[in-house]
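Chain by chain, the residues run as shown.
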Amino acid sequence: MFKHLTVILAFLMTLSSSVMAQDFQKGLAAYNAGDYATALQEWTPLAEAGDIATQYNLGVMYDNGQGVVQDYKEAVKWYRLSAEQGYASAQYNLGLMYKNGEGVVQDYKEAVKWYRLAAEQGNTDAQTNLGSRYLKGEGVPQDYKEAIKWYRLAAEQGNAFAQNNLGTMYEYGNGVLQDNTMAHMWYNIASANGHEKAGGYRDERAGLMTSADISKAQAMARECMNSGYTKCGY
């Protein structure tokens, strides 16, 4: 559905010394400046020493072909090393590699395995993708209610893709009663959070609704966002 391939500054506390932390920071500064060769030089020893953040970052660089020839198998190698130590972003990206068959044989069950591990740690992209696997029955039995469960967890953390997908579930009545007002609310929220197509979906629903229902949906969207996603719906 989408890829999350962003090198992030994370888990510096996992580095065992101030020298290693400085090397990580040097690599990060180089990466942000577009000097991928230096980033690779600084990060590779840390990754080989077992640091989960730099293992993940090397996976990203091989995945994107940044400072190296793009190599999905090498990306999978580094993602797996980080993922097996419990790093949620690496687990999510490894799930994507299995879903897309990049560097590994496509395997939806294996993708679900890694998505679930990341999702259970609160990774909203993994929660959204796990919801989509249940929606489509890929790697798991099709289960609309389980799809909604994971979409809702991500939506309530502000994930625009999950919010849009919840709108779709209400639009078609998959796992919930069909409800244009709820669909409009979630599409509206997703649009406000930057989803490019959600505004169009919202407007399509509005064409089937009364003015009173549209006003209700708009009020619900405001309350939902203002409450930090704790009061979303009737």
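Residues numbered from 1 in each chain as written. Predicted model: local features only at pLDDT ≥ 70, side-chain atom pairs only at ≥ 80, totals over all residues. Heavy atoms only, no water.

A. Quick look at the packing of aromatic side chains. Per the counting criterion, the structure on display carries 7 aromatic pairs. Here the aromatic rings of Phe24 and Trp43 are separated by 5.8 Å at their centres, their planes lie at 40 degrees, and the arrangement is tilted. Note that Phe24 is positioned in helix H1 (residues 18-32) and Trp43 in helix H2 (residues 36-48), a separation of 19 residues in sequence. For the pair shown, Phe24 and Trp43 are each scored as buried. Ring geometry for Tyr187 versus Tyr201: centroids 5.4 Å apart, planes at 55 degrees, classification tilted. Residue Tyr187 is found in helix H10 (residues 180-192), and its partner Tyr201 is found in helix H11 (residues 198-206); the two are separated by 14 residues along the sequence. What makes Tyr201 partly exposed here is its relative accessible area of 28%. The structure contains a cluster of three or more aromatic residues connected by ring pairs, namely Phe24, Tyr31, Tyr36 and Trp43. (Phe/Tyr/Trp six-rings, centres within 6.5 Å; stacked < 30°, edge-to-face > 60°. Helix = DSSP H or I, 4+ residues; strand = E, 2+ residues; numbered from the N terminus. Buried < 20%, exposed > 50% of the residue type's maximum accessible area, 1.4 Å probe, protein only.)

B. How the structure looks around the state of the cysteines. Scanning the model with the defined rule gives 1 disulfide in all. Between the sulfur atoms of Cys224 and its disulfide partner Cys232 the distance amounts to 1.9 Å. Taking the torsion about the S-S bond as the criterion, the Cys224 to Cys232 disulfide, at about 70 degrees, is right-handed. (Disulfide = S-S within 2.5 Å.)

C. Representation of unusual backbone geometry in the model. One non-glycine residue, Tyr229, lies in positive phi territory at about 70 degrees. Within the secondary structure, Tyr229 is located in the segment after helix H12 (211-226). Take Tyr229: its relative accessible area is 15%, and that puts it in the buried class.

D. A look at the nonpolar core. The biggest cluster of nonpolar side chains holds 62 residues, and the ones touching the most others in it are Trp43 and Trp186. Setting aside chain neighbours within four positions, we find Trp186 in contact with Arg152, Ala155, Gln163, Leu166, Gly167, Tyr170, Cys224 and Cys232. (Core = buried A, V, L, I, M, F, W, Y, C linked by side-chain atoms within 4.5 Å. Contact = heavy atoms within 4.5 Å.)

E. Seen up close, the pattern of salt bridges. Under the criterion given, the structure shown has 6 salt bridges. Notably, a salt bridge pairs Glu110 with Lys113, separated by 3.5 Å at the nearest N-O pair. Here Glu110 and its partner Lys113 are both found in helix H6 (residues 108-119), 3 residues apart, which amounts to about one turn of the helix. Take Lys113: its relative accessible area is 39%, and that puts it in the partly exposed class. Here Asp203 makes a salt bridge to Arg202, at a shortest N to O gap of 3.0 Å. (Salt bridge = Lys/Arg side-chain N within 4 Å of Asp/Glu carboxyl O.)

F. Just the packing of helix H3 (residues 52-64) against helix H4 (residues 72-83), in detail. Where H3 contacts H4, the two axes come as close as 8 Å, and the packing angle between them is 165 degrees. With respect to H4, the element H3 is oriented roughly antiparallel. Viewed along their axes, H3 and H4 form a crossing whose handedness is left-handed. Residue-level inspection shows Ile52, Gln55, Tyr56, Leu58, Gly59, Val60, Tyr62 and Asp63 of H3 in contact with H4, the latter providing Tyr72, Glu74, Ala75, Trp78, Tyr79, Leu81 and Ser82. Residue classes in the contact of H3 with H4 are distributed as 10 nonpolar, 3 polar and 2 charged. (Axes fitted to C-alpha atoms, helices over the stretch in contact; angles between N-to-C directions. Parallel < 35°, antiparallel > 145°, perpendicular 65-115°, else oblique. Left-handed = near helix turned anticlockwise from the far one by under 90°. Nonpolar A, V, L, I, M, F, W, Y, C, P; charged D, E, K, R; others polar.)

G. Region of interest: the confidence of the model for the protein. Summing up the model confidence of the protein, the mean pLDDT is 92 and the portion of residues at 70 or higher is 92%. In the predicted structure, residues 1-14 sits below a pLDDT of 50 and forms 52 contacts with residues beyond four places in sequence or in another chain. (pLDDT = per-residue confidence, 0-100.)

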